[in-house]
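Each chain, written out:
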Amino acid sequence: MSDQPRGPRKPGKPYRRPQKDPVRILAFEALRAVDERDAYANLVLPPLLRKAREKGDFDGRDAALATELVYGTLRRQGTYDAVIASCVDRPLREVDPPVLDVLSLGVHQLLGTRIPTHAAVSASVELARVVLGDGRAKFVNAVLRKVAQDDLDGWIAKVAPPYDDDPEDNLAVVHSHPRWVVSALWDSLGGGRAGIEELLAADNERPEVTLVARPGRSTAEELLREESAVPGRWSPYAVRLAEGGEPGAVDAVREGRAGVQDEGSQLVALALANAPLEGRDEKWLDGCAGPGGKAALLAALAAERGAMLLASEKQPHRAGLVAKALAGNPGPYQVIAADGTRPPWLPGSFDRVLMDVPCTGLGALRRRPEARWRRRPEDLDGFGPLQRGLLRTALDSVRVGGVVGYATCSPHLAETRAVVDDLLKQHPEAELLDARPLLPGVPDLGEGPDVQLWPHVHGTDAMYLALIRRTG
């Protein structure tokens, strides 16, 4: 876009070129990629930051600010949209998306950071001049000056309906979640107001980076030698980088001996690996293995017992990611690209089967905040038949006496207990095992026999796990 003025200048007033701010320009580019290409910030932002460092535009503080601007804006998008809507004279859908992105970045600086008001407004207006032009920069300036007249609590009091009038809509605005997601999470969680508010607030917190030491290749003790590393809460293989450390700087991660993996995912794999079996324990299956985190941990655990892992993933490019994650595993394994609903293996071939099915991902909103705005209730209709088909495949694939682990990174009841209950009704040869003893030391696991983890309770993604034994 040209830096030249769009109209005649007033006499005696020289034209001033807009000042380019690399941090805010990068944050804007990341938001545009999320909006235009349905990209995920956790995939878009790292290469942008790497490129900026290589050009010499960024240092560590710049990267931290850019990251906060992107993720903070995405996490509070719903709240900020409500604020912006009250400050413009048209429906938000009539505001050009690039303008709305600049406004949202500005509102986050005003209401969600400690950046001084004058600096937040002037930096946002300069960004608008660079990426939108002078005309729309004036619009941005006018809106942000209105926003700057109050703080976040004051704006929420103005734009959110009273809790007593509409609890779900109040929580949707206050905690920046779509109303249907608030309703679904509340149903899954049960209980009163305190629990759902804590869960929604946890979704808006920046999660710590969690590493997994792959057994036989690395240890938690090795990872704990890293700066800012502290032990995991529940998994013996977990180490947290408490101050937002860079996993790519960890030797064991670069060498594939360790990986980045949420502790909830580690617990799911460990529970399946330690579930009691009747008879042999030689062949394991990860039936939805991409991108490979659970498969790598399972393969390492299997190798310690002399068992082999077959990792199957439908999408070839994701199967490639699985192969990369498993490279160097000390025991036997195989990676294939195959449709889990039409498997190429024979029935009853495996002793343990993990089926971590595709889902809405509502359990990982801390890591992918933009997902909450992309998902729709009707998405459940698309996932439901696939989830049921994959679970039937898992039960058919395990031998009599073997164990299936059904997992989702979603707490939505339609993706968790409803799927498992349907299988149990249709297959009397399947019985639920109590998964809770297989997560030793983890508190507040509910009435069982299945397990639902929560960000605000366990500090993990909201992973669900049901363990099912085939009895006949």
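All residue numbers refer to positions counted from 1 along the written sequence of the respective chain. This being a predicted model, a pLDDT of at least 70 is required before a residue's local features are given, and a value of 80 or more before pairs of side-chain atoms are given or counted; all residues contribute to the totals for chains, interfaces and linings. Water and hydrogen atoms play no part in the side-chain values, which are based on all heavy atoms of the structure.

Side note on the nonpolar core
Move 1: One finds Phe58, Val70, Val102, Leu103, Leu111, Val140 and Val147 to be the most contacted residues of the largest nonpolar core, which totals 59 residues.
Move 2: Val147 has contacts with Val83, Cys87, Val107, Leu110, Leu111 and Trp155, leaving out every residue within four places of it along the chain.
Move 3: Each nonpolar core is a collection of buried residues, namely Ala, Val, Leu, Ile, Met, Phe, Trp, Tyr and Cys, held together in the definition by side-chain atoms within 4.5 Å. The buried label goes to any residue with under 20% of its type's maximum accessible area, the exposed label to any with over 50%, and the partly exposed label to all in between, with areas taken from a 1.4 Å probe on protein chains only. Counting 41 residues, the second largest nonpolar core, distinct from the first, contains Leu297, Ala299, Ala307 and Ala435. Two residues qualify as a contact provided that any one of their heavy atoms is within 4.5 Å of a heavy atom in the partner residue.

Here's the deal with the sheet that holds strand β1 (residues 209–213)
Move 1: Strands pair, by our definition, only if DSSP identifies at least two bridges between them. Runs of E in the DSSP output that reach at least two residues are strands. Runs of H or I that reach at least four are helices, and both are numbered from the N terminus. Sheet architecture is open: four strands sit in the order β2-β3-β1-β4, paired in antiparallel fashion. Edge strands, defined here as strands with exactly one partner in the open sheet, are β2 (229–231) and β4 (258–260). Between one strand and the next, the sheet's axes are offset by a mean angle of 30 degrees, whatever the strand orientation.
Move 2: As judged from the three bridges shared by β1 and β4, these two strands associate in the antiparallel manner. If you follow Ala213 over to β4, its bridge partner there is Ala258.
Move 3: Inter-axis angles, ranging from 0 to 180 degrees, are taken between N-to-C directions of lines fitted to C-alpha atoms, where helices are fitted over the stretch in contact. In the packing of helix α14 (residues 263–274) onto the sheet, contacts are made with β1 and β3 (238–241), and the angle to β1 comes to roughly 30 degrees.

Observations concerning the state of the cysteines
One covalent bond between the sulfur atoms of two cysteine residues makes up a disulfide.
Move 1: Pairs of cysteine sulfur atoms within 2.5 Å are identified as disulfides in what follows. Applying the stated criterion across every chain, the model contains zero disulfides.
Move 2: Between Cys409, a free cysteine, and Cys359, which holds the nearest cysteine sulfur, the sulfur-to-sulfur gap is 5.8 Å.
Move 3: Taking the relative accessible area as the measure of exposure, Cys409 reaches 16% and is therefore buried.

Examining unusual backbone geometry
Move 1: In the segment running from Gly290 into Pro291, the intervening peptide bond is cis, with an omega of 0 degrees.
Move 2: With respect to the helices and strands, the residue Pro291 is situated in the loop between β5 (283–286) and α15 (293–304).
Move 3: That bond from Gly448 to Pro449 is cis: its omega, 0 degrees, falls within 30 degrees of zero.
Move 4: Here Pro449 lies in the loop between β10 (430–433) and β11 (451–452).
Move 5: The backbone of Asp38 shows a phi angle near 55 degrees, a positive value even though the residue is not glycine.

With respect to α15
Move 1: Here, expected helix span is obtained from the residue count minus one, scaled by 1.5 Å. For α15, built from twelve residues, the straight-helix expectation of 16 Å at 1.5 Å per residue is met to within 8% by its first-to-last C-alpha distance of 17 Å.
Move 2: The buried count for α15 comes to nine of twelve residues, which makes it a mostly enclosed element.
Move 3: Turning to α15, its buried residues are Lys294, Ala295, Ala296, Leu297, Leu298, Ala299, Ala300, Leu301 and Ala302.
Move 4: Those residues of α15 that are buried lie in contact with β1, α14, β5, β6 (308–313), α16 (316–326) and β8 (350–356).

Describing the environment of Asp381
Move 1: Inspection of the secondary structure assignment puts Asp381 in helix α18 (residues 379–397).
Move 2: The spatial distance from the C-alpha of Asp381 to the C-alpha of Leu298 is 31 Å, given a sequence separation of 83 residues.

Brief notes about the packing of aromatic side chains
Within a pair of aromatic rings, the relevant descriptors are the distance that separates the centres and the angle that separates the planes.
Move 1: Two rings from Phe, Tyr or Trp (for Trp, the six-membered ring) form a pair when their centres sit within 6.5 Å of each other. Planes less than 30 degrees apart are called stacked, planes more than 60 degrees apart edge-to-face, and all others tilted. The final tally for this structure, using the stated rule, is two aromatic pairs.
Move 2: Taking the centre distance of 5.9 Å and the plane angle of 85 degrees together, the rings of Trp345 and Phe350 count as edge-to-face.
Move 3: On the numbers, 6.4 Å between centres and 70 degrees between planes, the contact of Tyr406 with Tyr464 is edge-to-face. In this pair, Tyr406 is assigned in strand β9 (residues 398–408) and Tyr464 in strand β12 (residues 464–470), connecting sequence segments 58 residues apart. No difference in accessibility class separates Tyr406 from Tyr464, as the two residues are buried.
Move 4: Two conditions define a charge located above a ring, namely a distance within 6 Å from the ring centre to NZ of Lys or CZ of Arg, and an angle within 35 degrees of the ring normal. The residue whose ring lies beneath Arg193 is Tyr163, and the NZ or CZ to ring-centre distance is 3.7 Å.

Brief notes about the pattern of salt bridges
Move 1: For this document, the term salt bridge refers to a Lys or Arg side-chain nitrogen within 4 Å of an Asp or Glu carboxyl oxygen. A complete count under the given rule lists 34 salt bridges for this structure.
Move 2: Among the ionic pairs, Arg388 bridges to Asp422, the shortest N-O distance being 2.8 Å. Taken together, the residues span a long stretch of sequence, with Arg388 in helix α18 and Asp422 in helix α19 (residues 417–426) at a distance of 34 residues.
Move 3: Through salt bridges with shared partners, a single ionic network connects Arg32, Asp35, Glu36 and Asp101.

Brief notes about the side chain of Asp203
Move 1: Mapped onto the elements of the fold, Asp203 is located in helix α11 (residues 193–203).
Move 2: Charge counting follows a simple rule: Lys and Arg are positive, Asp and Glu are negative, and His as well as the terminal groups are ignored. Within the buried set, Asp203 has no salt-bridge partner at all; the shortest N-O distance to an opposite charge, 5.5 Å, is to Arg372.
Move 3: Any pair of nitrogen or oxygen atoms within 3.5 Å is treated as a polar contact; in protein, a donor-acceptor pairing is required on top of that, and neighbouring residues in sequence qualify only through side-chain atoms on both sides. There is a polar contact of 3.0 Å between the side chain of Asp203 and the side chain of His177.
Move 4: Beyond its immediate sequence surroundings of up to four residues, Asp203 is in contact with Arg75, His177, Leu185, Leu365, Arg366, Arg372 and Pro455.

A word on the confidence of the model for the chain
Move 1: How sure the predictor is of each residue is captured by pLDDT, a score from 0 to 100. Per-chain confidence: the chain averages 93 in pLDDT, with 96% of residues scoring 70 or above.
Move 2: Confidence over residues 1–10 falls short of pLDDT 50; this stretch has 18 contacts with residues more than four positions distant or in other chains.

Quick word on the pairing of β9
Move 1: Of all eleven residues that make up β9, ten are buried, and the element is covered over most of its length.
Move 2: Note: β8 against β9, six bridges, orientation parallel. Across the sheet, residue Phe350 finds its bridge partner in β9, namely Val398.
Move 3: Judged from the six bridges that link them, β9 and β12 form a sheet pairing that is antiparallel. When the sheet's bridge partners are listed, Ala407 is paired in β12 with Leu465.

Some points on the packing of helix α6 (residues 117–131) against helix α7 (residues 134–147)
Move 1: Contact geometry of α6 with α7 gives a least axis separation of 8 Å together with a crossing angle of 160 degrees. Relative to α7, the element α6 is oriented roughly antiparallel. The chirality of how α6 crosses α7 is right-handed. Across the interface between the two elements, Val121, Ser124, Val125, Ala128 and Arg129 from α6 touch Asp134, Ala137, Val140, Asn141, Leu144 and Arg145 from α7.
Move 2: Any residue that is not Ala, Val, Leu, Ile, Met, Phe, Trp, Tyr, Cys, Pro, Asp, Glu, Lys or Arg is counted as polar, Gly included; the first ten are nonpolar and the last four charged. Partitioning the contact of α6 with α7 into residue classes produces six nonpolar, two polar and three charged. Here the word oblique covers every angle except those under 35 degrees (roughly parallel), over 145 (roughly antiparallel) and from 65 to 115 (roughly perpendicular). In this scheme the crossing of two helices becomes right-handed for a clockwise turn of the near helix relative to the far one and left-handed for an anticlockwise turn of less than a right angle.

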